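Spelled out from the first residue to the last, the chains are:
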Amino acid sequence: MTSRKRHAKIVESLRSTGVASVRELAENLQVSESTIRRDLTLLDRNGELLRTYGGAALPRGSAEAAETEAEREIPLDVVMSRHQVLKDAIAEEAVKLVEDDSVIVLDIGTTPLAIARRLRGRPVTVITSSLPVLDVLRDDDAVRLVMLGGVLRRNYQSLVGSLTEQALRQVSADLLFLSCTGVRPNGHVVDNMAVEAPLKQAMIETAGKVVLVAAETKFPGTGSLRVCSLSDLDVLITTSGADPNTLQLCREADGKVILA
């Protein structure tokens with residue numbers, strides 16, 4: 001297959017799926033992953049796609065990229081397999097902040113899920129819209145589990161929408177473990193899903209203390225939708241490879257930085 005035909009098939013694949021990993025493209029086109037990486041770099045340079053961590057997506061603003069987010073986001077089970085050691089290290093530090101009998105909001109995402117696993121057996125209340133968190137805690141008699149309502153977002157196994165926002169307005173929590181898709185060098189915490197940004201903002205309003213859990217891979221990460229600023233955080237838990245200048249911005253904004 002010529003490179004021109006291969007490039008056309010890559011773009012065609014993205015138009016049908018929205019996103020694709022290097023591994024998926026290499027398997028589908030029966031070429032090496034290094035070949036696909038070179039193809040994606042060239043297509044990104046030409047503006048035909050957006051190079052992402054581990055794969056590619058259609059650039060924002062294209063007609064295909066305007067398809068519903070549920071159709072083009074990366075499924076949760078794919079995300080779960082990435083950087084698990086970093087997520088586990090962050091979760092170990094996060095649970096040290098949890099006091100018995102406290103009320104905790106757990107955001108969606110794989111790092112909050114790792115935290116949920118470590119809350120089993122603890123006398124706490126956990127509020128969440130994450131179905132994987134429900135699966136982890138549903139049979140634990142020590143944890144009082146509160147599920148937020150909403151519309152099922154199948155790819156990411158979470159509940160979203162106006163019903164979720166309304167439920168959050170009735171919540172008062174001691175602690176929020178917040179996730180994101182990126183932390184920009186200017187201190188903006190961002191997400192790449194329009195359906196999630198307002199929910200995260202509503203979660204922030206519910207909590208007495210806001211803790212962002214973001215591995216070094218989220219610096220700068222991806223995302224164009226601003227969730228909050230580092231000045232809105234009480235604690236940032238990350239790993240040692242995070243951008244030191246961004247961490248300093250957090251400290252200057254009176255946030256505590258914990259390196260897992």
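Scroll up to find the structure.
Residues numbered from 1 in each chain as written. Predicted model: local features only at pLDDT ≥ 70, side-chain atom pairs only at ≥ 80, totals over all residues. Heavy atoms only, no water.

1. A look at helix H11 (residues 244-252)
Applied cut-off: Relative accessibility thresholds used throughout: buried, under 20% of the residue-type maximum; exposed, over 50%; partly exposed, between the two (1.4 Å probe, protein chains only). Under the DSSP-based scheme used, a helix requires at least four consecutive residues in state H or I and a strand at least two consecutive residues in state E, with every element numbered from the N terminus. Directions pointing from the helix axis toward each C-beta atom define the arc. We call two residues in contact when some of their heavy atoms are within 4.5 Å.
Listed as buried for H11 are Thr246, Leu247 and Cys250. All buried residues of H11 lie within an arc of 100° about the axis, which places them on one face of the element. Opposite the packed face of H11, turned more than 90 degrees from it, sit the exposed residues Pro244, Asn245 and Glu252. Of the surrounding secondary structure, the elements contacted by the buried residues of H11 are strand S10 (182-183), strand S14 (235-238) and strand S15 (256-259). Looking one or two residues past H11, Asp254 carries a phi angle of roughly 70°, positive in sign.

2. Observations concerning the sheet that holds strand S5 (residues 125-128)
Condition: If DSSP finds at least two bridges between two strands, the strands pair. Angles run from 0 to 180 degrees between N-to-C directions of axes, and those axes are lines fitted to C-alpha atoms, restricted for helices to the stretch in contact.
Pairing is parallel across the open sheet formed by 7 strands, whose spatial order is S6-S5-S4-S9-S12-S14-S15. The sheet terminates laterally at strand S6 (144-147) and S15, the two strands that pair on one side only. Across this sheet, the average inter-strand angle for adjacent strands is 20°, counted without regard to direction. Pairing between strand S9 (residues 173-178) and strand S12 (residues 207-213): 5 bridges, direction parallel. Paired with Phe177 across the bridge in S12 is Val211. Seen against the sheet, helix H6 (residues 84-94) touches S9, S12, S14 and S15 and runs at an angle of roughly 145° to S14.

3. Some words on unusual backbone geometry
Following Phe219, the chain continues into Pro220 via a peptide bond in cis, with omega recorded as 0°. In this fold, Pro220 is placed in the loop between S12 and strand S13 (225-229). A positive phi angle, near 70°, is found at Asp101, a position not held by glycine. By the element assignment, Asp101 lies in the loop between H6 and strand S4 (103-106). Phi at Gln157 is positive, roughly 50°, even though this residue is not glycine. Its location among the elements puts Gln157 in the loop between strand S7 (151-153) and strand S8 (158-160). For Gln157, a relative accessible area of 29% corresponds to the partly exposed category.

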